[in-house]
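Fold and geometry: a report
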Amino acid sequence: MANSSHLAISVTDLTKIYGERTALSHATFSVPLGTVCGFVGPNGSGKTTTIRMLLGLITPSAGTGTVLGEEITHPEKYLPRVGAMIEGPAFYPALSGRENLRVLASLGGFDQSIVDPLLERVGLGDRGGSKFKTYSLGMKQRLGIAAALLPNPHLLVLDEPTNGLDPNGIHEVRSLIKDLALGGTSVFVSSHLLSELEMIAEHLVMLREGKVIYNGRTADLLAAQQPILVAKPEYHVDITKLLDIVKKHDHSVSIIDGAAHILSPAEWAPTLNRLAFEAGITLASLTSVLPTLEETFFEMTGDSQ
Amino acid sequence: MINVIWAEMRKLRRPTLLLSTMAIVTLLTTLFTFLTFWRVGDPNGNGRRGEMVTAQFLSTPKGIIYGFNLVAFLLGIVALCIFASQTAQEYTYGTLRNLLVRQPARMKILAGKYLSMVLFAMLMVLLSLISSVIVAYLLAPHAHVTTTSWTTSAGLTALASSLGNVLLSVISFGTVGMILGLLFRSPISAIATGVIWFLILENILAGLVTSTAKWLPGQNITNLTTTQNFTFTYQHSLTMVAIYLISSATIVSLLFKRRDVAN
């Protein structure tokens, strides 16, 4: 295993097998300290299984790993410095939000005085005394985040933290994650909202069917994708002539919704515009777009959107 | 460990659980003791399973603890339900993962949880004893029971011995509840299994094949409170209960320690 002193998380060949089903297969990835790392994958791809192994909740079938420089076989060495919300917030329905946090604060040996400021921080200051069962999904999610922040963590592990939040709540979580990262906290956040991760994650780990298909900087992933020119002729009958022109200049092209999607740098747009004009084609629109992380992801995983 | 106990006490002290349990315990004890003294000497029976308890018997040093001993089995069932639900709910609510992230030493979680529930059971038993003694003193004149022997050293010894045995019995039933909770990971399944076994199946089995009673866990736990005329000794029951509880607790503890927390 690589030197893990600069890594928040590092796993090598991590595998989990349930009977005949392989939930995670030889996953190898690392997360640098002090970064926000997105953990992406379709449902059932092994994200939560991986997170549970990192937190000592389930035992790997094979492989090794470290969290904050400590082996995952000894979670007691690093969990006091880790905050986590796994697979949605789970609390005692008959206890208030405040009392639920106090239970966890007692358990972790934390000062009870941190509970109220944490409730304020996640926007539950005025509802801390209400029973958990009366909370909306968004409020439950906020309480889960507050619980994860109890140990003032060096590493924060969040599993789908924006589920159930309204746009304002999503914005607040995003800001919270950014603030924590600025303060030196490493954040490992899983989400199916890829656009969410694109905006906050500097680093990315992608899973598909239990296998890691990408582990690296988000910017590198985006840079790896060629920009696309989207050209739409005024008259649909001209689309075939447009395709011929593009292919003659050795560019790959496909037709989506009546527009030609051409794998080409933005600099070729004026040339295409001129060639189309010379061929008697009027372009209704010509734009250069960068693929979103979502498009990149679906291209890599082979899923249709 | 002390952190786990504090955390668990926060859950156990919630008013709906604490007050309702203590109210039920007080009500049951008061009712059982009241009926024993109110219907003293009634040929139709005022004791366990229709037996007649006389004022003469109630005036002995053991008279003060008769009502308390009568309710011991039901206290045990209450403890079984609480221990089972408090344990299994961690699985159904999904809160076990929170506990284990904050305290990864699983045996500490288990031991702290158990000790906190034992403290809860002790409070329950103590309240029951106090209720029973108060009702016994209040109704003694009505039942023509003399209470002088209750405060003799023999009376106090009987009281202390009864408190210890009922406590042991209640904690044993509670331990079974916790074991079932860990095994089934569902409060309803754990409680239903425990209650049906102890209230119905064991009694049918012991009634049909009397020789089996000696080996049944519930019969032996009940024998610790010595209110029934069992054919086997207190020592035998103590040994059997210890064997049952230690062996099954060891197995489920190992399961808890090694089992993946995947819900």
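Just so you know, the residues in each chain are numbered from 1, in the order the chain's sequence is written. Naming scheme: in the order in which they are written, chains are lettered from A and ligands are numbered from 1. Under the rules for a predicted model, residues below a pLDDT of 70 receive no local features and side-chain atom pairs below 80 are neither given nor counted, while totals for whole chains, interfaces and linings still include all residues. Working from all heavy atoms in the structure, the side-chain values ignore hydrogens and water.

1. Here we look at the overall build of chain A
In plain terms, the rule: Runs of H or I in DSSP of at least four residues are treated as helices and runs of E of at least two as strands, each being numbered from the N terminus. Exposure categories follow from relative accessible area, calculated using a 1.4 Å probe and restricted to protein chains: below 20% of the type maximum is buried, above 50% is exposed, and the middle band is partly exposed. Each accessible area value is a Shrake-Rupley result obtained with a 1.4 Å probe; residue values ignore everything except the protein chains displayed when judging cover. Charge counting follows a simple rule: Lys and Arg are positive, Asp and Glu are negative, and His as well as the terminal groups are ignored. Charged side chains are reduced to one point each, which is NZ for Lys, CZ for Arg, CG for Asp and CD for Glu.
Secondary structure assignment for chain A yields 10 helices and 14 strands. Judged by the C-alpha coordinates and their principal axes, chain A covers about 75 × 45 × 35 Å. A buried classification covers 51% of the 305 residues belonging to chain A. Accessible area of chain A: about 13500 Å², with a carbon and sulfur share of 52%. The positive charge centre, built from 24 side chains, and the negative charge centre, built from 32, are 5 Å apart in chain A.

2. Here we look at the side chain of Ser186 of chain B
Residue and element names in this part refer to chain B. To keep it simple, the criterion reads: Any two residues whose heavy atoms approach within 4.5 Å at even a single point are treated as in contact.
Considering the arrangement of structural elements, one finds Ser186 in the loop between helix H8 (153–184) and helix H9 (187–208). Using a relative accessible area of 18% as the deciding quantity, one classes Ser186 as buried. Residues contacting Ser186, with those up to four places away along its chain left out, are Ala88, Thr92 and Gly181.

3. Things to note about helix H2 (residues 15–38) of chain B
Here is the rule: A helix is expected to span 1.5 Å for every residue after the first.
In this model H2 of chain B runs 32 Å from its N-terminal to its C-terminal C-alpha over 24 residues, within 8% of the 34 Å that 1.5 Å per residue would give. Of the surrounding secondary structure, the elements contacted by the buried residues of H2 of chain B are helix H1 (2–12), helix H3 (55–58), helix H4 (66–70), helix H5 (72–92) and helix H7 (106–139) of chain B.

4. Remarks on unusual backbone geometry
Although it is not a glycine, Glu160 of chain A sits at a positive phi angle of roughly 50°. With respect to the helices and strands, the residue Glu160 of chain A is situated in the loop between strand S7 (155–159) and helix H5 (167–182). Taking the relative accessible area as the measure of exposure, Glu160 of chain A reaches 13% and is therefore buried. Its identity is not glycine, yet His144 of chain B carries a phi of approximately 55°, on the positive side. Along the polypeptide, His144 of chain B turns up in the loop between H7 and H8. By relative accessible area, which is 68% here, His144 of chain B ends up exposed.

5. Digging into the sheet that holds strand S14 (residues 283–289) of chain A
Residue and element names in this part refer to chain A. Under the convention used in this document: Pairs of strands are assigned from DSSP output, requiring at least two bridges between the strands. Orientation is described by axes fitted as lines to C-alpha atoms, over the contacting stretch for helices, and by angles from 0 to 180 degrees between their N-to-C directions.
Taken together, four strands build an open sheet; the order of strands is S12-S13-S11-S14 and the sheet is antiparallel. Across the chains shown, the open sheet's two edge strands, defined by having one partner strand only, are strand S12 (253–256) and S14. Taken pair by pair, the neighbouring strands of this sheet meet at an average axis angle of 20°, ignoring direction. The pairing of strand S11 (residues 228–233) with S14 spans six bridges and is antiparallel.

6. Section: the nonpolar core
Inside soluble globular proteins, nonpolar side chains tend to come together where they are buried. The line we're drawing: Joining through side-chain atoms within 4.5 Å is the link that ties buried Ala, Val, Leu, Ile, Met, Phe, Trp, Tyr and Cys residues into a set, and such a set is a nonpolar core.
Within the largest apolar cluster, 129 residues are counted, with the highest numbers of intra-cluster contacts made by Ile9, Leu55, Val82, Leu155 and Phe188 of chain A. The dominant element in this core, judged by the number of residues it contributes, is H7 of chain B, at 13 residues. Val82 of chain A has contacts with Leu55, Val67, Leu68, Pro151, Pro153, Leu155 and Val157 of chain A together with Arg102 of chain B, leaving out every residue within four places of it along the chain. Counting 17 residues, the second-largest nonpolar core is a separate cluster that includes Leu243, Ala269, Leu275 and Leu283 of chain A.

7. Considerations on the sheet that holds strand S8 (residues 186–190) of chain A
All names here are of chain A. Spatially, the six strands line up as an open sheet ordered S6-S7-S8-S3-S9-S10, and their pairing is mixed. Each edge of the open sheet is held by one strand with a lone partner, namely strand S6 (82–85) and strand S10 (211–217). Averaged over all neighbouring strand pairs, the angle between strand axes comes to 10°, with direction disregarded. Pairing of S7 with S8, which is carried by five bridges, proceeds in the parallel orientation. Looking across to S8, one finds that Leu155 is bridged to Ser186. Strand contacts of helix H4 (residues 137–149): S6 and S7, with the helix running at about 165° to S6, the strand carrying the most contacts. Most of the contacts of H5 go to S8, to which it runs at about 150°, and overall it touches strand S3 (36–40), S7 and S8.

8. A short note on the environment of Leu129 of chain B
Residue and element names in this part refer to chain B. Take Leu129: it is sitting in helix H7. For Leu129 and Asn69, which are 60 residues apart along the polypeptide, the C-alpha to C-alpha distance reads 9.0 Å. Beyond its immediate chain neighbours, meaning those up to four positions away, Leu129 contacts Phe68, Leu159 and Leu163.

9. A word on empty space enclosed by the protein
Cut-off, in case you're wondering: Of the grid points, spaced at 1 Å and generated over the protein atoms alone, those admitting a 1.4 Å probe that cannot get out make up cavities, while open sets with protein on both sides within 12 Å along at least five of seven lines make up pockets; any residue with an atom within 4 Å of a point is treated as lining. Grid points are joined across faces, edges and corners, and a volume is the space filled by probe spheres set on the points. Put simply, Ala, Val, Leu, Ile, Met, Phe, Trp, Tyr, Cys and Pro go in the nonpolar bin, Asp, Glu, Lys and Arg in the charged bin, and everything else, Gly too, in the polar bin.
One pass over the structure, following the stated rule, counts five cavities of 30 Å³ or more. Here the largest cavity defines a volume of roughly 120 Å³. Around the largest cavity, the lining is made up of 15 residues, and of these Ala84, Met85, Leu104 and Ala147 of chain A together with Asn98 of chain B lie nearest the centre. Among the elements of the structure, S6 and H4 of chain A together with helix H6 (96–102) of chain B are those that each provide at least two residues to the lining of the largest cavity. Tallying contributions element by element places H6 of chain B first for the lining of the largest cavity, with four residues. Taken together, the residues of the lining of the largest cavity break down into 10 nonpolar, three polar and two charged. There is about 60 Å³ of room inside the second largest cavity. Only H5, S8 and helix H6 (194–200) of chain A provide two or more residues apiece to the lining of the second largest cavity.

10. Some words on the packing of helix H2 (residues 97–108) of chain A against H1 of chain B
Cut-off, in case you're wondering: Roughly parallel means an angle under 35 degrees; roughly antiparallel means over 145; roughly perpendicular covers 65 to 115; every other angle is labelled oblique. In this scheme, a crossing is called left-handed if the near helix is turned counterclockwise away from the far one by less than a right angle; it is called right-handed if the turn is clockwise.
Contact geometry of H2 of chain A with H1 of chain B gives a least axis separation of 7 Å together with a crossing angle of 165°. When the axes of H2 of chain A and H1 of chain B are compared, the pair comes out roughly antiparallel. Relative to H1 of chain B, the crossing made by H2 of chain A is left-handed. Between H2 of chain A and H1 of chain B, the residues in contact are Glu99, Arg102, Val103, Ser106, Leu107 and Gly108 of chain A and Asn3, Val4, Trp6, Ala7, Arg10 and Lys11 of chain B, respectively. Residue composition of the contact of H2 of chain A with H1 of chain B, grouped by class: five nonpolar, three polar and four charged.

11. Considerations on the packing of aromatic side chains
Residues and elements named next belong to chain B. Operational definition: Centres within 6.5 Å make a pair out of two Phe, Tyr or Trp rings, where for Trp the six-membered ring is used; the pair is then stacked when the planes are under 30 degrees apart, edge-to-face when over 60, and tilted otherwise.
The full count for this structure, using the stated rule, is 13 aromatic pairs over all chains. A centroid spacing of 6.1 Å and a plane angle of 90° characterise the contact between Phe37 and Trp150, whose relative ring orientation is edge-to-face. Of the two residues, Phe37 sits in helix H2 while Trp150 sits in the loop between H7 and H8, which places them 113 residues apart along the sequence. As far as the burial class goes, Phe37 and Trp150 line up, both buried. Ring plane angle 80° and centroid distance 5.5 Å describe the contact between Phe73 and Phe173, whose orientation is recorded as edge-to-face. Linking Phe73 in helix H5 with Phe173 in helix H8, this pair joins segments that are 100 residues apart in sequence.

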